[in-house]
Amino acid sequence: MPHHIYFGIENLSLSGSQRDELVQVLCMLGPAGNPQPACLCHWRTRLDGEAVIFEALFDEDNVGIYSFKKWLGATFGVSPATIGHRTATQVLGTLPTIVVTFARSSTDYLRVALFGYDGVTWPTWVESSNECRAYLQANLSEWEPGDG
Amino acid sequence: MLNFLTATATHQNNPTGALLVEVATGIAITPVDPLDRVWSQDYPIAKQFLMRQVYTKYAAFAAGDKLISGDITYVVRAVHPYAAQGGLDAFYFLVLECATLVPVVPYSNKVLRTDPAACWPLWETAGGYAECLVNSPAQNGAYTGVTLGDGVGPDGSPCPFFDGVNDFVDIYSAILSAAFDGGEGSMMIWAKVNAVEVWTDGANRMALHLGTNTSNNYLRMMKESANNRMQWLYYAGGTADSASKSALSDTDWVMLAMTWSKSADLLQYFYDGSREAIDTGLGTYVDALVETYTNVGSQTESGLLPWHGWLAHCAIWDRPLTQAEIAALAAV
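Remember, it's a predicted structure, so these values are computed and weren't measured experimentally. (Residues numbered from 1 in each chain as written. Chains lettered and ligands numbered in written order. Predicted model: local features only at pLDDT ≥ 70, side-chain atom pairs only at ≥ 80, totals over all residues.)

Re the overall build of chain B
Working step 1: Helices and strands together make up the secondary structure of chain B, namely three helices and 24 strands.
Working step 2: When each of the 332 residues of chain B is scored for burial, the buried share is 46%.
Working step 3: When contacts within chain B are restricted to residue pairs at least 6 apart in sequence, those whose partners lie at least 24 apart make up 59%. (Helix = DSSP H or I, 4+ residues; strand = E, 2+ residues; numbered from the N terminus. Buried ≥ 20, exposed ≤ 12 C-beta atoms within 10 Å, placed from the backbone. Contact = placed C-beta atoms within 7 Å.)

Given below as structure tokens:
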């Protein structure tokens, strides 16, 4: 089932090429075509290049934990089953946001936040955008140039 | 005050049920009926308009039906049917009532009359391109992430929503870059924030950014990170001139504009048609526009400093508009 949401990824220990490979995969998510630009996959990169926020009408299966394990597994050239994860929940605005950290061999490699998704109930687009903006507002210096 | 027009509608022998309508004033009309009569105009000849009905219904018009021509809405005040005679079909004599005393000039036409180098109404409701009414399609913009047709612009036309995260319109083109004059020109955009809270959200939010870079040659109009402030900035050859307007909390449409003239050594900043400030001592703008830094709704193509709300009717000129012209464009 498709959900129009925002999610963010943060590189924790991926190499530059691994990070780029993963981002390239994520940029391809969402519908191939849609009359609404908002539904097509688009993104914004943090100033340091180590985090990206994506928005699109994502298929539910593509933004699940297993999907990220699959992509990470492909990046590392290992079985997705060897990639572990742990979850936490943060309230950025008003709704809980699930934050998933993916690890392998005791090393954290990637953090993913599904804005406004608590692991059970999918947010509306507006709810997800509200949580995403709340995150950006709390981390403004990392996402916007100081001069403006 | 009402205008009254007289029209006749004659049914033609046409399987689609076309009607020939003659309007006394010669104004092309397109009837729109949201119920069960959908019309489209065809063959607009002086004083004669072939109007096609989607299904055959002789009694096409009834009192209260609406006929829309451009921005003018006519209401059918009376219908006088005449029986078929002498080989002619039955026809109808219509009296149209118009609630508009002076025909309204579409806002985009008003902009075009000032001979802009580029003009993007941003009125699309689907698709990836923002039509430029000058040099289209070469100067068409490209939408990223916006929700098209989400709002109603200052002139009543559809307009896109910018989510404050990663939406923008890339308005760069080689032809625009060639036409852009960093020494003499004007730029304008209509802006509306998503809610009053945007004025105090602590973020810089770009309405319009034209630039070669973000260091010493660029122009911008944006909501500042400081609460309730709008900023105009002209950075040319490393010389920055800017002005800010404080205590803003508008949640309705506002028109932002800036004019620059190196030859007259004058910068002018406008808010809703009123000149807020002027500057002198302009630097010399160097180089051409660059795609990365030429956007509606963000500073860069990376979506930095994203606008949160609606934007409409962006235009750029290669001459400084007069105060009177700006004031006129601030009225829709």
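Concerning the sheet that holds strand β1 (residues 2-11) of chain A
Residues and elements named next belong to chain A.
Working step 1: Here six strands make up an open sheet; going across it, the order is β2-β3-β1-β6-β5-β4 and the pairing antiparallel. Each edge of the open sheet carries a strand with a single partner, namely β2 (42-45) and β4 (84-91). Across the sheet, the mean angle from the axis of one strand to that of its neighbour is 20°, orientation sign disregarded.
Working step 2: Pairing analysis gives seven bridges linking strand β5 (residues 96-104) to strand β6 (residues 107-114), with the strands arranged antiparallel. Paired with V100 across the strands is V112, a residue of β6.
Working step 3: Relative to β5, helix α2 (residues 65-76) is tilted by about 30°, and along the sheet it contacts β4, β5 and β6.
Working step 4: Packed on one face of the sheet, helix α3 (residues 125-138) meets β1, β3 (51-59) and β5 and runs near 20° to β1. (Pairing = 2+ DSSP bridges. Axes fitted to C-alpha atoms, helices over the stretch in contact; angles between N-to-C directions.)

A few points about the environment of A113(A)
Residue and element names in this part refer to chain A.
Working step 1: With respect to the secondary-structure elements, A113 resides in strand β6.
Working step 2: When the C-alpha positions of A113 and E10 are compared, they lie 8.6 Å apart, and in sequence the two are 103 residues distant.
Working step 3: Not counting the four nearest positions on each side in its chain, A113 is found in contact with F7, G8, T97 and V99.

A few points about α3(A)
It helps to recall that an α-helix has 3.6 residues per turn; residues three or four apart then point in one direction.
Working step 1: Here α3(A) is 14 residues long and its end C-alpha atoms lie 20 Å apart, about the 20 Å a rise of 1.5 Å per residue gives.
Working step 2: Looking only at α3(A), the buried set comprises S128(A), S129(A), N130(A), E131(A), C132(A), R133(A), Y135(A) and L136(A).
Working step 3: In this structure, the buried side of α3(A) is in contact with β1, β3, β5 and α4 (140-143) of chain A together with β13 (158-163) of chain B. (Expected span 1.5 Å × (residues − 1).)

Thoughts on the pairing of strand β21 (residues 266-271) of chain B
Residue and element names in this part refer to chain B.
Working step 1: Burial analysis of β21 places five of its six residues in the buried class, the great majority of the element.
Working step 2: Linkage of strand β20 (residues 254-261) to β21, two consecutive antiparallel strands, is achieved through a turn of four residues, within which D265 is found at a positive phi near 50°.
Working step 3: Bridge count for β21 against strand β22 (residues 274-279) is five bridges, and the pairing is antiparallel. Within β22, the position partnered with Y269 by the bridge is A277.
Working step 4: If you look at the hairpin formed by β21 and β22, you'll find two residues sitting between the two strands, and D272 has a positive phi there, around 55°.

Observations regarding the interface of chain A and chain B
Working step 1: Counting from both sides, the interface comprises 20 residues of chain A and, opposite them, 22 residues of chain B.
Working step 2: When residues of the side of chain A that touches chain B are traced back to their parent elements, those giving at least two are β2, β3 and α3 of chain A.
Working step 3: Top contributing element to the side of chain A that touches chain B by residue count: α3(A), with five residues.
Working step 4: Taken together, the residues that form the side of chain A that touches chain B break down as ten nonpolar, six polar and four charged. (Nonpolar A, V, L, I, M, F, W, Y, C, P; charged D, E, K, R; others polar.)

Side note on the confidence of the model for chain B
Residues and elements named next belong to chain B.
Working step 1: Here chain B shows a mean pLDDT of 79. Residues at 70 or above account for 68%.
Working step 2: Ignoring residues within four places in sequence, the model shows residues 1-59, a span with pLDDT below 50, making 116 contacts including any to other chains.
Working step 3: Among the prediction metrics, the complex's ipTM stands at 0.95, with pTM recorded as 0.79. (pLDDT = per-residue confidence, 0-100.)

As for the environment of V63(A)
Residues and elements named next belong to chain A.
Working step 1: If you trace the backbone, V63 turns up in the loop between β3 and α2.
Working step 2: On a C-alpha basis, the gap between V63 and T97 in space is 14 Å, while along the polypeptide they are 34 residues apart.
Working step 3: When neighbours within four sequence positions are excluded, V63 is seen to be in contact with F7, F58 and L114.

Notes on the nonpolar core
All names here are of chain B.
Working step 1: Within the largest apolar cluster, 105 residues are counted, with the highest numbers of intra-cluster contacts made by I189, A207, L256, M258, L311 and C314.
Working step 2: It is strand β24 (residues 308-317) that contributes the most residues to this core, seven residues altogether.
Working step 3: In contact with L256, not counting residues within four places along its chain, are M188, I189, A191, A207, M221 and Y271. (Core = buried A, V, L, I, M, F, W, Y, C linked by C-beta atoms within 7 Å.)

A short note on the sheet that holds strand β18 (residues 230-236) of chain B
Within a sheet, neighbouring strands are paired by backbone hydrogen bonds and run either parallel or antiparallel to one another.
Residue and element names in this part refer to chain B.
Working step 1: Reading across the sheet, the eight strands line up as β10-β11-β14-β23-β16-β17-β18-β19 and stay open at both edges, with antiparallel pairing between neighbours. Edge positions in the open sheet fall to β10 (129-130) and β19 (239-245), since each of these has one partner strand only.
Working step 2: Here two bridges tie strand β14 (residues 168-170) to strand β23 (residues 295-296), and the two strands are oriented antiparallel to one another. Note that in β23 the partner of V169 across the bridge is V296.

Some words on unusual backbone geometry
Residue and element names in this part refer to chain B.
Working step 1: Cis geometry is adopted by the peptide bond preceding P137, which originates at S136 and carries an omega value of 5°.
Working step 2: Secondary-structure assignment places P137 in the loop between β10 and β11 (141-144).
Working step 3: Despite not being glycine, L122 shows a phi value in the positive range, around 65°.
Working step 4: Take L122: it is sitting in the loop between β9 (118-120) and β10.

Description of the pairing of β11(B)
Residues and elements named next belong to chain B.
Working step 1: Where β10 lies against β11, two bridges are found, and the strand directions are antiparallel. The residue bridging A130 from the neighbouring strand is G141, located in β11.
Working step 2: In this sheet, β14 lies alongside β11 in antiparallel orientation, the contact comprising three bridges. Within β14, the residue paired with A142 across the bridge is D170.

So, the environment of P37(A)
Working step 1: Here P37(A) is to be found in the loop between α1 (16-27) and β2.
Working step 2: Ignoring anything within four residues of it in the chain, the contact list for P37(A) reads G128(B), Y143(B), T144(B), G145(B), V146(B) and L148(B).

As for α2(A)
Residue and element names in this part refer to chain A.
Working step 1: With twelve residues, α2 ought to run about 16 Å at 1.5 Å a step, and its terminal C-alpha atoms sit 16 Å apart, in line with that.
Working step 2: Taken as a whole, α2 has its buried residues at F68, K69, L72 and T75. Along the axis of α2, the buried positions cluster into a sector of 120°, meaning they face one direction only. (Arc of directions from axis to C-beta.)

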